[in-house]
There are 2 protein chains.
Amino acid sequence: MPASVVQTAPNAAPARTAEVFRAAAELMVQKGYGGTSIGDIAQAVGMTKAGLYHHISGKQDLLFRILNYAMDELELIVTAPVRLIEDPEERLRQLMRLQIQGVVRYGLAFTVLFSEINHLAEAQQKEIRGRLNEHHALIRETLQELAEDGRLRRLDVNIATMHIMNAITGVARWKGEDFSKNEEHLVQETVAYTMAALLKPVK
Amino acid sequence: MPASVVQTAPNAAPARTAEVFRAAAELMVQKGYGGTSIGDIAQAVGMTKAGLYHHISGKQDLLFRILNYAMDELELIVTAPVRLIEDPEERLRQLMRLQIQGVVRYGLAFTVLFSEINHLAEAQQKEIRGRLNEHHALIRETLQELAEDGRLRRLDVNIATMHIMNAITGVARWKGEDFSKNEEHLVQETVAYTMAALLKPVK
């Protein structure tokens, strides 16, 4: 059951706005940002173009707001709860678990849409990249804690952070896979794979 | 030095064609498939639209031929040589090494362009996906050999195959990184990270 964000995820955006964001994201992923018109999006959400322009000032503004919305959700669903976890290994396991669940349940289109970030204005790109970097910093700092505890393998923490992000967001690019049936298996396998890559083997 | 494919890689396509493919791929990644016109591409390669239509029948045909070209290169540079390596661990290490080098040196735009595959006609998509699946099968079969040798951790070989592909191709999406200076470091870290995830620890 592909549940709507507004029903199941903590969410600051009004329900109708979230619906518009979701439909627009799916269309932009399917047709590409350049190939999607405001008219296409209006049609997909059952609005007139004038009605849609009541909510947004244009396509670039819409993309910016969608990516900000996706970052809001990431913070609500993943970042805020895992920051409360003291043990770095458990924090990283939960971060991966929650973020993979978020991607599979609500965020396949949103995740892929980040590749369109270069269509934003300079200042908008900077804001979104800043928020992404904050998320990467949480992972990197968690790895550094593990290193200080003597639990991490000898590895480049920056490169490992990107591999962790790739493993989480990569599932959104596995076309033709239906994860809703096997979400728990996917989560367990991905967490185990990543932890084996990161942690020293237990003697 | 971002060397041209035609100078340094074994290559079946004539030099001029390869140049057109490269410029078109870079433009399509930058502006999106839907946002790139044949006129844009002609301008980027210093040709008239009529001149470009002498080589290709249209934008979809061009995308199809670029993705096939990228798969040709992958087979020449990576797949064919590593198939000759008998030991599965060494085969996988070399596959990762050669493919990451290929992505960083010649293939950043080509790699990202695969996300536009849904713009191809049904039969074209099927052909490209078939070639990609062959590449995944090589990785999967190598993991199965490692499992038969008792060297692989208990893991889902299909999911692990996708994580390996994500780790290799993911580097093409790390914006703002200059790998040409640190290519060897990136290769070593990525191979070590992946091997630690896959192989049982040595007692």
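This text follows the structure it describes.
These numbers were taken from a predicted model, which means no experiment stands behind them. (Residues numbered from 1 in each chain as written. Chains lettered and ligands numbered in written order. Predicted model: local features only at pLDDT ≥ 70, side-chain atom pairs only at ≥ 80, totals over all residues. Heavy atoms only, no water.)

Draft legend 1. Spotlight on the relation of the copies chain A and chain B. Screw-axis analysis of chain A against chain B gives a translation of 0.0 Å along the axis, an RMSD of 0.0 Å, and a rotation angle of 180°. Here the copies are linked by what is in effect a two-fold axis. Taking C-alpha positions as the reference, the residue of chain A nearest the rotation axis is Ala-197 of chain A, at 2.0 Å. When you check the interface residues of chain A against chain B, 100% turn up at the interface there too, and the contact is symmetric in its surfaces. (Least-squares fit on C-alpha atoms with pLDDT ≥ 70 in both. Contact = heavy atoms within 4.5 Å.)

Draft legend 2. Geometry of the interface of chain A and chain B. Taken together, the contacts link 34 residues of chain A with 34 residues of chain B. Surface buried jointly by chain A and chain B totals about 2,800 Å² across both partners, of which 62% is contributed by carbon and sulfur atoms. Three residues stand out in chain A for area buried against chain B, namely His-163, Trp-174 and Tyr-193 of chain A, and they jointly supply 26% of the buried area on that side. The interface formed by chain A and chain B includes zero salt bridges. For the interface between chain A and chain B, the tally reads eight residue pairs in polar contact (both at pLDDT 80 or more). Those elements that provide at least two residues to the side of chain A that touches chain B are helix H2 (15–31), helix H9 (157–170) and helix H10 (183–198) of chain A. Here the element with the most residues in the side of chain A that touches chain B is H10 of chain A; it accounts for nine residues. (Buried area = accessible area lost by both parts, 1.4 Å probe. Salt bridge = Lys/Arg side-chain N within 4 Å of Asp/Glu carboxyl O. Polar contact = N/O pair within 3.5 Å; in protein donor to acceptor, adjacent residues only side chain to side chain. Helix = DSSP H or I, 4+ residues; strand = E, 2+ residues; numbered from the N terminus.)

Draft legend 3. A look at the side chain of Thr-190 of chain B. Along the polypeptide, Thr-190 of chain B turns up in helix H9 (residues 183–198). Within the local environment of Thr-190 of chain B, its side chain forms a polar contact with the backbone oxygen of Leu-186 of chain B, the two atoms lying 2.8 Å apart. For Thr-190 of chain B, the residues in contact, after removing those within four places along its chain, are Ile-159 and His-163 of chain A together with Met-96, Ile-100 and Ala-167 of chain B.

Draft legend 4. Molecular detail of the side chain of Thr-190 of chain A. Given the relative accessible area of 0%, Thr-190 of chain A is considered buried. Discounting residues that sit within four places of it in the chain, Thr-190 of chain A has contacts with Met-96, Ile-100 and Ala-167 of chain A together with Ile-159 and His-163 of chain B. (Buried < 20%, exposed > 50% of the residue type's maximum accessible area, 1.4 Å probe, protein only.)

Draft legend 5. The arrangement of the environment of Ile-85 of chain A in detail. Residues and elements named next belong to chain A. Following the sequence through the fold, Ile-85 ends up in the loop between helix H5 (59–83) and helix H6 (88–105). Overall, the relative accessible area of 22% leaves Ile-85 in the partly exposed class. Sequence separation between Ile-85 and Arg-173 is 88 residues, and the spatial gap between their C-alpha atoms is 29 Å. Apart from residues no more than four positions distant in its own chain, Ile-85 is found in contact with Glu-90, Arg-91 and Gln-94.

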